[in-house]
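# Summary of the model geometry
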Amino acid sequence: MVLTEDTTKSASVTPSLTSTSCGIRGKLNKVVLAYSGGLDTSVIVPWLRENYGCEVICFTADVGQGNGETDGLEAKAKASGASQLFIKDLKEEFVRDFVFPCLRAGAVYERKYLLGTSMARPVIAKAMVDVAKEVGADAVSHGCTGKGNDQVRFELTFFALDPKLAVVAPWREWDIRGREDAVEYAKKHHVPVPVTKKSIYSRDRNLWHISHEGDILENPENEPKKDMYVMTVDPEDAPDTPEYLEIGIEAGIPVSHNGERLSPANLLAALNEVGGRHGIGRIDMVENRLVGMKSRGVYETPGGTILTTAVRELESLTLDRETMQLKDTLAIKYAELVYAGRWFDPLRESLDAFMEKVSATTTGSVILKLFKGSVNVTSRKSPFSLYREDISSFEEGSGIYNQADAAGFIRLYGLPMRVRAMQQHNL
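Just so it is clear, the structure is predicted and the values come from calculations on it, not from any experiment.

### Topic: the side chain of Thr308
Position of Thr308 relative to the elements: it lies in helix α8 (residues 302-318). In this structure the side chain of Thr308 is engaged in a polar contact, spanning 2.7 Å, whose partner is the backbone oxygen of Gly304. Residue contacts for Thr308: discarding those within four places in its chain leaves Leu103, Leu114 and Trp208.

### Quick look at the packing of helix α3 (residues 91-105) against helix α10 (residues 346-358)
In contact at an axis separation of 9 Å, α3 and α10 are set at 65° when each is read in the N-to-C sense. Judged by the angle between their axes, α3 and α10 are roughly perpendicular. Between α3 and α10 lies a crossing of left-handed hand. Each of Pro101, Arg104 and Ala105 in α3 lies in contact with α10, whose residues at this interface are Asp352, Met355 and Glu356.

### Focus on the layout of surface pockets
Of the pockets and cavities examined, the second largest pocket occupies roughly 400 Å³. Gly64, Gly66, Asn67, Leu207 and Ala269 are the residues nearest the centre of the second largest pocket, which is lined by 21 residues in total. Elements represented by at least two residues in the lining of the second largest pocket include exactly α3 and α7 (264-277). Counting residues per element, the lining of the second largest pocket draws most heavily on α7, at five residues. A class-by-class count of the residues in the lining of the second largest pocket yields five nonpolar, nine polar and seven charged.

### Quick look at the pattern of salt bridges
Inspection of the entire model under this criterion finds 26 salt bridges. In this structure, Asp150 and Arg121 form a salt bridge, with 3.0 Å as the shortest nitrogen-oxygen distance. Residue Asp150 is found in helix α5 (residues 150-161), and its partner Arg121 is found in helix α4 (residues 116-135); the two are separated by 29 residues along the sequence. Among the residues examined, Asp150 registers a relative accessible area of 17% and is labelled buried. The closest approach of N and O atoms between Arg321 and Glu322, which form a salt bridge, is 3.8 Å. Several salt bridges converge on common partners, so that one network encompasses Lys88, Glu93, Lys126 and Asp130.

### Details of α7
Since there are 3.6 residues in each turn of an α-helix, residues three or four apart along the chain are aligned in direction. For α7, spanning 14 residues, the distance from its first C-alpha to its last is 20 Å, which sits close to the expected 20 Å at 1.5 Å a residue. The inward-facing, buried residues of α7 abut α3, β9 (243-250), β10 (253-257), α8 and β14 (364-371). Where α7 terminates, the next one or two residues include Gly279, which has phi positive at roughly 70°.

### Some remarks on a nonpolar patch on the surface
A cluster of nonpolar residues, Leu415, Val419, Met422 and Leu427, forms a patch on the protein surface that exposes about 390 Å² of accessible area. Within the element layout of this structure, Val419 appears in helix α13 (residues 415-424).

### A short note on the UniProt feature "domain: Arginosuccinate synthase-like N-terminal" (unreviewed entry) in the protein chain
When the UniProt feature table is mapped to this numbering, "domain: Arginosuccinate synthase-like N-terminal" (unreviewed entry) covers residues 30-192. Along residues 30-192, the helical share is 48% and the strand share 15%, with 22 Å between the first and last C-alpha atoms.

### Some points on the pairing of β14
Across seven bridges, the pairing between β9 and β14 is antiparallel. Counted as the bridge partner of Ile247 is Val366 from β14. As consecutive antiparallel partners, β14 and strand β15 (residues 374-381) are separated by two residues, and within that stretch Lys372 has a phi angle of approximately 45°, a positive value.

Scoring rules and cut-offs
- Residues numbered from 1 in each chain as written.
- Predicted model: local features only at pLDDT ≥ 70, side-chain atom pairs only at ≥ 80, totals over all residues.
- Heavy atoms only, no water.
- Helix = DSSP H or I, 4+ residues; strand = E, 2+ residues; numbered from the N terminus.
- Polar contact = N/O pair within 3.5 Å; in protein donor to acceptor, adjacent residues only side chain to side chain.
- Contact = heavy atoms within 4.5 Å.
- Axes fitted to C-alpha atoms, helices over the stretch in contact; angles between N-to-C directions.
- Parallel < 35°, antiparallel > 145°, perpendicular 65-115°, else oblique.
- Left-handed = near helix turned anticlockwise from the far one by under 90°.
- 1 Å grid on protein atoms, 1.4 Å probe; cavity = no way out; pocket = protein on both sides within 12 Å on 5 of 7 lines; lining within 4 Å.
- Points joined across faces, edges and corners; volume = space filled by probe spheres on them.
- Nonpolar A, V, L, I, M, F, W, Y, C, P; charged D, E, K, R; others polar.
- Salt bridge = Lys/Arg side-chain N within 4 Å of Asp/Glu carboxyl O.
- Buried < 20%, exposed > 50% of the residue type's maximum accessible area, 1.4 Å probe, protein only.
- Expected span 1.5 Å × (residues − 1).
- Patch = residues over 30% accessible without salt bridge, like charges linked within 9 Å, V, L, I, M, F, W, Y side chains within 5 Å.
- Areas by Shrake-Rupley, 256 points an atom, 1.4 Å probe, with all protein chains shown as cover.
- UniProt positions renumbered as here; feature names shortened; annotations may be inferred.
- Pairing = 2+ DSSP bridges.

In structure tokens form, the structure reads like this:
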């Protein structure tokens, strides 16, 4: 079953895990499972039925993870024991309601990470709550491990949107400890084992980015292999001729590419193609996970890097110094909240209201130059620009700025430093 975008919020009422026993671990009626079709989620389907005596409804979100990712999923889900599969196209909602607010806020986690996975999890979890309401499910389930951030992001969204839903996280409960155990369990329960080649990396892809973790990346001393990258060419192999593009922005939100207005998802997709061709947006970082450990990840965010640069450059014209400094300070907290799965926290929503207000005049266009992995601004303009050439020019002739005024300003501005020095020198 393929669903179009839907913004209905769930308010399902559900029983707890300790209701009348039917499965090994308890009794649930219907469980909505976040389903990818991979080995782990394929095995979770029979495990839920066996352990909770429940009907399993699989749910797959299309957030732009790539062509063909949803092909054949319904047959796989039903072969694993699911009663049905919902596939929901969330690309426009994802970019419009989650990515672009973070972009407007300037949210970057620990100086580098543009929050690709962090923004995708709440939109997926929100859609799962909607499906749970539609089918009358009393629980939701996911395949996140007990060591990562995603378990938190999913479950905080479930709590915020429907606190009565029970949550089942098999990786925190079952005895399966690796791929071999999962394959053995699948064979025992007659679940078709996915025959696709397993990547040596743990990856997460959506329309904003792709992340790479695991294998040689677990040692931060190792350089990533050239063939690991998916969305971007090696900057060394990028075209020898730079490419210029113009980004149109309205109230801090990108709206056009080279004069053509596009929907949020289509705009991002177009810039991913252009940016990827020029090797834009590669990040290699060691980050602090929410659960306490450090992890090393490599991210490709071509279109996102272009848009982040464009919005930032336009703000240099439209925001005054005090507003920009406060916005940058609050952006750190905004990013931390999103990274930690607190999308529906009133604090993030309040910060977003501030970001929307101060970005009201961030309207205009920016021309960027893409060349071998770099993004540089060449032009910026806005009808709300606070830049005045007649004031800033060395040939100042506006009559507004009198250089002689600077002497008194400097004496007053530097008075605390002068007084301290006088005290130190007994003057």
